[in-house]
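# Working through the structure, step by step
Here is what each chain is made of, one letter per residue.
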Amino acid sequence: MKKYSEARVITIYWKTQARLDIYSNLKNFCSAYPEYNYNTLNNYLSKKKIAYEDNFVKIERKPIFSKFSHVADFTDKMYVVRKKVKINQEDEKEVDHLYWLSQPVQKRAQALTHLIHHYVKPGQKIEKVAVKRIKLK
């Protein structure tokens, strides 16, 4: 039985699909994808210690880290990260509006800058045709 510090997984990055798969061992991967030979991949990954790569896939062995980088104590706070509601039960625009009103101005400005950075191309100007002023709470 392997110790946790020696345990490894097989990571498969599919280049054409931009997808990452993780397998517990190489045999499971080779049985799922018979076009990849187990012996060839095993020799390549264990002796050369470098990733196997072709036009479609990049295969690596990665260690599993079993030590915690942060040990939680009982003073850490827990936050609700999701809320279950039935479809059409809540008005999504109103919920979003109330959420952003509850956030500090700096966080709202940071979110706006993030959106502009991702959706506006360099040199492109933002059209300011319609401006609606809302009194903030």
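In case you missed it, the structure is sitting above this.
Remember, it's a predicted structure, so these values are computed and weren't measured experimentally.

Before going further, it helps to spend a moment on the sheet that holds strand E1 (residues 8-14). A sheet is described by the order of its strands in space; here four strands give the open sequence E2-E1-E4-E3, paired in antiparallel fashion. Looking at which strands have only one partner, the edges of the open sheet turn out to be strand E2 (19-23) and strand E3 (52-53). Where E3 meets strand E4 (residues 57-63), two bridges bridge the pair, whose relative direction is antiparallel. Pairing of Glu53 across the sheet is with Lys58, part of E4.

We now examine the packing of aromatic side chains. For the structure on display, the rule yields eight aromatic pairs. Plain terms: the ring middles of Trp14 and Phe29 are 6.3 Å apart, the flat faces sit at 45° to each other, and that makes the pair tilted. Here Trp14 is found in strand E1, whereas its partner Phe29 is found in helix H1 (residues 26-32), with 15 residues between them in sequence. Each of the two residues, Trp14 as well as Phe29, counts as buried. Measuring from ring centre to ring centre gives 5.0 Å for Tyr99 and Trp100, while their planes differ by 75°; the resulting arrangement is edge-to-face. Owing to a relative accessible area of 35%, Trp100 belongs among the partly exposed residues under this scheme.

Here E1 pairs with E2 via five bridges, running antiparallel. Paired with Ile12 across the bridge in E2 is Asp21. The antiparallel hairpin formed by E1 and E2 contains four residues in its connecting segment, where Ala18 sits at a positive phi of about 50°.

Conventions and cut-offs
Residues numbered from 1 in each chain as written. Predicted model: local features only at pLDDT ≥ 70, side-chain atom pairs only at ≥ 80, totals over all residues. Heavy atoms only, no water. Pairing = 2+ DSSP bridges. Helix = DSSP H or I, 4+ residues; strand = E, 2+ residues; numbered from the N terminus. Phe/Tyr/Trp six-rings, centres within 6.5 Å; stacked < 30°, edge-to-face > 60°. Buried < 20%, exposed > 50% of the residue type's maximum accessible area, 1.4 Å probe, protein only.

Nothing here speaks to function; it is all geometry.
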